[in-house]
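# Observations on chain architecture
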Amino acid sequence: MEFTEAYKQTGPCCFSPNARYIAVAVDYRLVIRDTLSFKVVQLFSCLDKISYIEWALDSEYILCGLYKRPMIQAWSLAQPEWTCKIDEGPAGIAYARWSPDSRHILTTSDFQLRLTVWSLLNTACVHVQWPKHPSKGVSFTKDGQFAAICTRRDCKDYINLLSCHTWEIMGVFAVDTLDLADIEWSPDDSAIVIWDSPLEYKVLIYSPDGRCLYKYQAYESALGVKSVSWSPCGQFLAVGSYDQMLRVLNHLTWKTFAEFMHLSTVRAPCCAAVFKEVDEPLLLDMSELSLSDDFAEGNNDEGHIRVRYEVTEMPINLPFQKPPVDKPNPKQGIGLMSWSNNSQYICTRNDSMPSILWIWDIRHLELAAILVQKDPIRAAVWDPTCTRLVVCTGSSHLYMWTPGGAYCVSIPPQPQFSIVDLKWNSDGSCLLLKDKELFCCAAVAVLPESSEYSSDD
């Protein structure tokens, strides 16, 4: 892996959908860099500190959320002199997003009073009253033809289907939820999944015409759904729950075909590989070097340590944190969940075991690997082009897993560079590593599916 030098950032950083650019917020400035040369290709000045950035799908436009004002500014890479400013006045702006056609911006006002669709082609705008959530509760079909927007009125949740061409409401139907949490179209646009708040375990599958295809409820009278994710192929729906279990439904009958438990003790006959992060001191023999006394004294007490994975035998006891029963939002259940690009693997983190990453093999319905880290896992992202998982824990190391093994990589740009977030670009050639105040990128070699790595690589 080759790393760029570290650059300053004060907020969001993200790649353009075409993988050619990276946008970085530096206070009130928006810096656009080329992902190959890392030269600055555009520099835009906003009216306040940038809280949020999002690229349009065609990579020609980018919006900046200035939520302290509150205001939205949009910019064009092809026409740097063009600008757009959206201000909702007293209603405020809580969130903004692009439409799939890259020519409309959807904003949600404070207190969820209304959702507004703003056109960049003319001055027309469309309002949808009472959106359910500021940032959640809106999902577009993969072909960009329709939008599903959750609303709430008269203590009832509704789904509004809008055409993304005319922005007319094509249909409205009520859903059987107490307090709808979120919504997502299936990858093939044939169904919509809706799940309830944690207080009620309920996952509902609806057809676009409003028919309820299936209602899934694993248990009652306990905290319910924490995370939901479609597989990229669209054949599986993963549901992570507060009971520390991952359940996977199929897209034909919507029945559960796999239930994976996250136990604090893993025993045989489980054949998963367990990779444990360990420190290994580097022994440097300086006896034959002519060094001054000051230099030798200053380095004797400095421990030179490298990090590596150690394969651990079964059984193994994993560190477990029991959440307090008298506090809200307990740190338990499946809080992180991500599918591999080929839908064969899914990684999960049980929040009561924050330093453990579980990797499940859906094809064989078994646990493939466990990564035991020293620190809580901050992010885990799959390579969009191959079966490679990259993990960060707030340390100065990257942790990678492939079906052939796991390994650790040290980050050279800065001695105190702590990786708190990760992002791939769309073609898998570049990986963004984010520190609290800096960021750098790593050029990653394309990994053949048959390639095998070891912890010594």
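An unreviewed UniProt entry annotates the protein chain as WD repeat-containing protein WRAP73-like originating from Pyrus ussuriensis x Pyrus communis.

## A closer look at the sheet that holds strand E5 (residues 29-34)
Pairing in this open sheet of 4 strands is antiparallel, and the strands run E3-E4-E5-E6 from one edge to the other. Each of the sheet's edge strands pairs with one partner strand only, and the pair in question is strand E3 (13-15) and strand E6 (40-45). On average, each strand axis in the sheet is inclined to that of its neighbour by 15 degrees, with strand direction left out of account. With 5 bridges connecting them, E5 and E6 associate as antiparallel partners.

## Section: the side chain of Asn 250
If you trace the backbone, Asn 250 turns up in strand E25 (residues 245-250). Of the polar contacts made by the side chain of Asn 250, one reaches the backbone nitrogen of Leu 252; its length is 2.9 Å. For Asn 250, the residues in contact, after removing those within four places along its chain, are Gln 235, Lys 255 and Phe 257.

## Digging into the pattern of salt bridges
Side chains that differ in sign of charge can pair as their charged atoms come close. Counting across every chain of the model gives 20 salt bridges. Measuring nitrogen to oxygen at the nearest pair gives 2.7 Å for the salt bridge that ties Arg 103 to Asp 58. Of the two residues, Arg 103 is situated in the loop between strand E11 (95-98) and strand E12 (104-108) and Asp 58 in the loop between strand E7 (52-55) and strand E8 (61-66); the sequence distance between them amounts to 45 residues. Between Asp 157 and Arg 152 there is a salt bridge; the shortest N-O distance is 2.7 Å. On the basis of relative accessible area, Arg 152 is assigned to the partly exposed category, the value being 27%. A cluster of three or more residues bridged by salt bridges with shared partners is formed by Lys 132, Arg 152, Asp 157 and Asp 179.

## A closer look at a nonpolar patch on the surface
Together, Phe 111, Leu 113 and Trp 130 give the surface a local cluster of nonpolar side chains, amounting to about 370 Å² of exposed area. Here Phe 111 lies in the loop between E12 and strand E13 (114-119). In this structure Phe 111 comes out as exposed when scored by relative accessible area, which is 73%.

## Focus on the confidence of the model for the protein chain
On average, residues of the protein chain score 92 in pLDDT, and 92% of them reach the 70 mark or higher. In the model, residues 295-303 has pLDDT below 50 throughout and makes 1 contact with residues more than four positions away in sequence or in other chains. Predicted confidence for residues 450-457 stays below pLDDT 50, and this span has 15 contacts to residues more than four positions away or in other chains.

## Considering the pairing of strand E32 (residues 345-350)
Along E32, 6 of the 6 residues are buried, which leaves the element largely enclosed by surrounding structure. Pairing of strand E31 (residues 334-339) with E32, which is carried by 5 bridges, proceeds in the antiparallel orientation. The residue bridging Ile 334 from the neighbouring strand is Asn 350, located in E32. Counted between consecutive antiparallel strands, the loop separating E31 from E32 contains 5 residues, among which Ser 343 sits at a positive phi close to 65 degrees. Pairing analysis gives 4 bridges linking E32 to strand E33 (residues 356-361), with the strands arranged antiparallel. Across the sheet, the residue bridging to Ile 346 is Trp 360, located in E33. Joining the antiparallel neighbours E32 and E33 is a turn of 5 residues.

## Digging into the side chain of Arg 33
The topology assignment puts Arg 33 in strand E5. Buried charge without a salt bridge: Arg 33, with Glu 5 as the nearest opposite-charge side chain at an N-O distance of 7.4 Å. Polar side-chain contacts of Arg 33 include one of 2.8 Å to the backbone oxygen of Phe 38. Discounting residues that sit within four places of it in the chain, Arg 33 has contacts with Tyr 7, Arg 20, Tyr 21, Ile 22, Phe 38, Lys 39, Val 40, Val 41 and Phe 439.

## Points about the nonpolar core
Within the largest apolar cluster, 23 residues are counted, with the highest numbers of intra-cluster contacts made by Leu 246, Val 248, Leu 318, Ile 346, Trp 358 and Ile 370. Those elements that provide at least two residues to this core are strand E24 (236-241), E25, strand E26 (256-261), E31, E33 and strand E34 (366-372). Apart from the residues within four sequence positions on either side, Leu 246 is in contact with Ala 238, Val 239, Gly 240, Ala 258, Glu 259, Phe 260, His 262, Met 337, Ile 346, Thr 348 and Trp 360.

Thresholds applied
- Residues numbered from 1 in each chain as written.
- Predicted model: local features only at pLDDT ≥ 70, side-chain atom pairs only at ≥ 80, totals over all residues.
- Heavy atoms only, no water.
- Pairing = 2+ DSSP bridges.
- Helix = DSSP H or I, 4+ residues; strand = E, 2+ residues; numbered from the N terminus.
- Axes fitted to C-alpha atoms, helices over the stretch in contact; angles between N-to-C directions.
- Polar contact = N/O pair within 3.5 Å; in protein donor to acceptor, adjacent residues only side chain to side chain.
- Contact = heavy atoms within 4.5 Å.
- Salt bridge = Lys/Arg side-chain N within 4 Å of Asp/Glu carboxyl O.
- Buried < 20%, exposed > 50% of the residue type's maximum accessible area, 1.4 Å probe, protein only.
- Patch = residues over 30% accessible without salt bridge, like charges linked within 9 Å, V, L, I, M, F, W, Y side chains within 5 Å.
- Areas by Shrake-Rupley, 256 points an atom, 1.4 Å probe, with all protein chains shown as cover.
- pLDDT = per-residue confidence, 0-100.
- Lys, Arg positive; Asp, Glu negative; His and termini not counted.
- Core = buried A, V, L, I, M, F, W, Y, C linked by side-chain atoms within 4.5 Å.

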